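Chains, contacts and geometry: an overview
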Amino acid sequence: MLIKQNTDYNLTSDDTKIHKSAILVDCEIGKNCIIAPFVIINMSCKIDDNSIIGPYNVLERGVSVGKNVTIAPHGVFAIDTMIADNCFFGPHFSCANDKEISYGEHGTSPKKLPYIEYPITFERGCTIGTRCTIAPGVTIGQGSRLDMCSFITKNVKPFSHMRGTNELVAKLIRTMETRPDEI
Amino acid sequence: MLIKQNTDYNLTSDDTKIHKSAILVDCEIGKNCIIAPFVIINMSCKIDDNSIIGPYNVLERGVSVGKNVTIAPHGVFAIDTMIADNCFFGPHFSCANDKEISYGEHGTSPKKLPYIEYPITFERGCTIGTRCTIAPGVTIGQGSRLDMCSFITKNVKPFSHMRGTNELVAKLIRTMETRPDEI
Amino acid sequence: MLIKQNTDYNLTSDDTKIHKSAILVDCEIGKNCIIAPFVIINMSCKIDDNSIIGPYNVLERGVSVGKNVTIAPHGVFAIDTMIADNCFFGPHFSCANDKEISYGEHGTSPKKLPYIEYPITFERGCTIGTRCTIAPGVTIGQGSRLDMCSFITKNVKPFSHMRGTNELVAKLIRTMETRPDEI
């Protein structure tokens, strides 16, 4: 059976399409953007022109998204994350902006929001592969590329190509495989 | 307080249940399926009989799902992914079908959709554990099983049992732990 | 353009706020809780007082959440997961409660729900970082802390600080880097 259901968008005067299921709380959206179904954009967020926020993304308070940014589904963007122009994010992006939560240093009495913040920054033209994770306070330099499943805990220099944890593992494995014969 | 809220499904003439919040865009759904809340199924997708698409799954354009397939919540299925009959997917499945995005080879000016596609194929009877990730163009052979958190970048032969990156890590760790005494 | 859309909550007589998009199926919710947008809470779940269930979380059947628990977005909590008071979960939490599915031991004919269950337990005051994954049947001891991207397959003693797979990898890498000179 061919089925069509629940596909309505609202169109703003700025040629921006916002799906009716999206939750937007006092945020600013530029021209010619697409806000997909089931998106949550919290207060004080700002999305600049020509950007696409894919389904199920949640932008916490104060996230700033530049022009021509595309974000694939299921990302979580922590408070005050800064994304410059021309960035791309694959699906299932995740991050944190609170070192105590992220690194488990606060003992048995968990803190409530708001956190102490160590915001994350993406400079112009970064490409972030599927299922990448970024630790609090990290800056990803201009034009950098992170492969699928990278887990980045330190700043990344401009125009880097990171394979994160996984590439290091792969390198180790190759080393280990040849070691027995060497010894 | 006991609460019940917003649990309505539409029932088609084919005994298929589709939750009212699901977004379906010109797709074909078989008999006796369940389409859970907050699902997105894009145009040209085809779901065959007796399959269950769990909550928050997004099936991009042209995804094909066989009979008796179960997909747990929060998966992302890239364009033209082919899933044969009797497959199971644990929660948080993710993948990509664009090598340039996935492997970060396109420089500082991110491409927009549509991507160059390297679709992913799951042959009959695959079992995919929680939080697995599949790289572009990969085929998972018939009856194969991927453990939790596997990250698969190459084709998998039929009836394989993969533990992906993590098992290799575990193996390495065991090796390292015994090495000091050996040397 | 400044935008506000679709932000309505229902307020219960217990000072609990439940977003109108949330799906709740015969579950029990305590006082002064927040149930965020796009949450799914299945039958026989019980949420105790002062807890926050963030957006896109799915609590499968019979999940029990204590007092003062905060769960960040996009988590999946398997059937009968038990979360004691004062726990915190970062975004993208995932788990499984079925060893056969999780570890791929059931051959080519995937089982349907209900699974054989090996529920997961979080004792009081656990802090679970971003993107952690827990295997079936595991207990995380009181006051334990899991760092970002931890993958935990065995019970964790009370007041542990785990870095899971990733820390072991980091340790290995440091070892490997110094080994050539040693040998």
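Before reading on, note that the structure itself is shown above.
Residues numbered from 1 in each chain as written. Chains lettered and ligands numbered in written order. Predicted model: local features only at pLDDT ≥ 70, side-chain atom pairs only at ≥ 80, totals over all residues.

1. Regarding the overall build of chain A
When you go through chain A residue by residue, the secondary structure sums to two helices and 22 strands. Burial statistics for chain A: of 183 residues in total, 53% are counted as buried. Within chain A, counting contacts between residues at least 6 apart in sequence, those at least 24 apart form 16% of the total. (Helix = DSSP H or I, 4+ residues; strand = E, 2+ residues; numbered from the N terminus. Buried ≥ 20, exposed ≤ 12 C-beta atoms within 10 Å, placed from the backbone. Contact = placed C-beta atoms within 7 Å.)

2. Digging into the sheet that holds strand β18 (residues 133–134) of chain B
The strands making up a sheet associate through backbone hydrogen bonding, with each pair oriented either parallel or antiparallel. All names here are of chain B. The three strands lie next to each other as β15-β18-β21, forming an open sheet whose pairing is parallel. Looking at which strands have only one partner, the edges of the open sheet turn out to be β15 (94–95) and β21 (151–152). Pairing geometry for β15 and β18, over two bridges, is parallel. Pairing of C95 across the sheet is with I134, part of β18. (Pairing = 2+ DSSP bridges.)

3. Things to note about the environment of E60(A)
Mapping E60(A) onto the fold places it in the loop between β9 (58–59) and β10 (64–65). With 19 residues separating them in the primary sequence, E60(A) and I41(A) have C-alpha atoms 6.6 Å apart.

4. Some details on unusual backbone geometry
Here the phi dihedral of N68(A) falls at roughly 55°; this positive angle occurs in a residue that is not glycine. At S44(C), a position not held by glycine, the phi torsion is positive, near 70°. Positionally, S44(C) belongs in the loop between β6 (40–41) and β7 (46–47). Here S44(C) falls in the partly exposed class, since 17 other C-beta atoms lie within 10 Å of it.

5. Overview of the sheet that holds strand β21 (residues 151–152) of chain A
Strand order in this open sheet of three strands is β15-β18-β21 (chain A), and the pairing throughout is parallel. Two strands bound the open sheet, and with one partner strand each, they are β15 (94–95) and β21 of chain A.

6. Side note on the environment of D80(A)
All names here are of chain A. Structurally, D80 is set in the loop between β12 (76–77) and β13 (82–83). Separated by 70 residues in the primary sequence, D80 and N10 have C-alpha atoms spaced 27 Å apart. Residues contacting D80, with those up to four places away along its chain left out, are G62, V63, N97, E117 and P119.

Shape is all these values report; function is a separate question.
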